[in-house]
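Observations on chain architecture
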Amino acid sequence: MQSITELIRSRRAFFPKNYSDKEIPRLLIEEILENANWAPTHKRTEPWRYRVFHSLESRQRLSDYILADFKANTPADLYSEAKVNDVALRPLQAGCVFAIVMQRDPAQSLPEWEEIASVAMSVQNIWLSCTALHIGSYWATPGFISRLGPILELGEGEKCIGLFYMGNLKVVARAPAQRGKIEEKVRWM
Ligand SMILES: Cc1cc2nc3c(=O)[nH]c(=O)nc-3n(C[C@H](O)[C@H](O)[C@H](O)COP(=O)(O)O)c2cc1C
């Protein structure tokens, strides 16, 4: 119990600007993905899908796509070169990026929210695995994820629900996270 409690409570969101250049070996990524595959799943639909951007070439392609999308879809009053470059730089600052994809069961035997819940549990497996491996990571849900279809080659029933950035950290320590009291969120019946 001690180790699972420590792991859960030390998990943090770490952003790409805090990642070092040190590579994440493919074997570690495969181990993380294997853990992702052990999430709970109603009716065994196993709805989690991942597109992996690991090579520099693939991360450059993602960065270029985000840059072009941002330029094409950001209203003039919200547009700034600094913001665009900041967002598009993230795949290059990261050691690896997963596109988090939900595959809707073709028979639609479950409500969509159950499939999304299952994918989120898979992402938590990834996030905790990264924590255990001292890999910084976070789940990002910018507006443009709804326009990533072409680069992710999304198929029938697939929907992107975020990008998961990962990287070795420049500085590992971070202040503990803050949460409101659990007592205020629980009613014993
Ligand atoms: C579904 C989901 C979507 C998120 N989207 C974003 C996001 O778009 N941008 C961002 O900065 N953080 C995002 N986060 C990460 C949160 O910022 C982070 O988890 C929160 O600040 C709490 O910090 P902690 O994870 O270090 O405890 C997301 C987290 C979840 C679970």
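The present account deals with the structure reproduced in this document. Please read these numbers as outputs of a predicted model, since none were measured by experiment. (Residues numbered from 1 in each chain as written. Predicted model: local features only at pLDDT ≥ 70, side-chain atom pairs only at ≥ 80, totals over all residues.)

Let us look at the site of the ligand. The environment of the ligand is made up of Arg12, Ala13, Tyr138, Trp139, Ala140, Thr141, Pro142, Gly162 and Ala177. Tallying contributions element by element places strand 3 (residues 135–140) first for the shell around the ligand, with three residues. In terms of residue class, the shell around the ligand is made up of six nonpolar, two polar and one charged. (Near = placed C-beta within 6 Å. Helix = DSSP H or I, 4+ residues; strand = E, 2+ residues; numbered from the N terminus. Nonpolar A, V, L, I, M, F, W, Y, C, P; charged D, E, K, R; others polar.)

Quick look at the packing of helix 3 (residues 56–73) against helix 4 (residues 81–93) now. At a closest axis distance of 7 Å, the pairing of helix 3 and helix 4 adopts a crossing angle of 160°. Between helix 3 and helix 4, the interaxial angle falls into the category roughly antiparallel. As helix 3 packs across helix 4, the resulting crossing turns out to be right-handed. Every residue of helix 4 that contacts helix 3 at Arg59, Gln60, Leu62, Ser63, Ile66, Leu67, Phe70 and Lys71 is listed here: Val84, Val87, Ala88, Leu89, Pro91 and Leu92. (Axes fitted to C-alpha atoms, helices over the stretch in contact; angles between N-to-C directions. Parallel < 35°, antiparallel > 145°, perpendicular 65-115°, else oblique. Left-handed = near helix turned anticlockwise from the far one by under 90°. Contact = placed C-beta atoms within 7 Å.)

What follows covers the sheet that holds strand 4 (residues 158–168). Ordered in space as 1-2-4-3, the four strands form an open sheet in which the pairing is antiparallel. Looking at which strands have only one partner, the edges of the open sheet turn out to be strand 1 (48–53) and strand 3. Pairs of neighbouring strands in the sheet enclose a mean axial angle of 25°, with direction left out of account. In terms of strand pairing, strand 1 meets strand 2 (residues 96–103) through six bridges, oriented antiparallel. In the sheet register, phenylalanine 53 faces strand 2, and the bridge partner there is valine 97. (Pairing = 2+ DSSP bridges.)

Bear in mind that shape data such as this cannot, by itself, settle questions of function.
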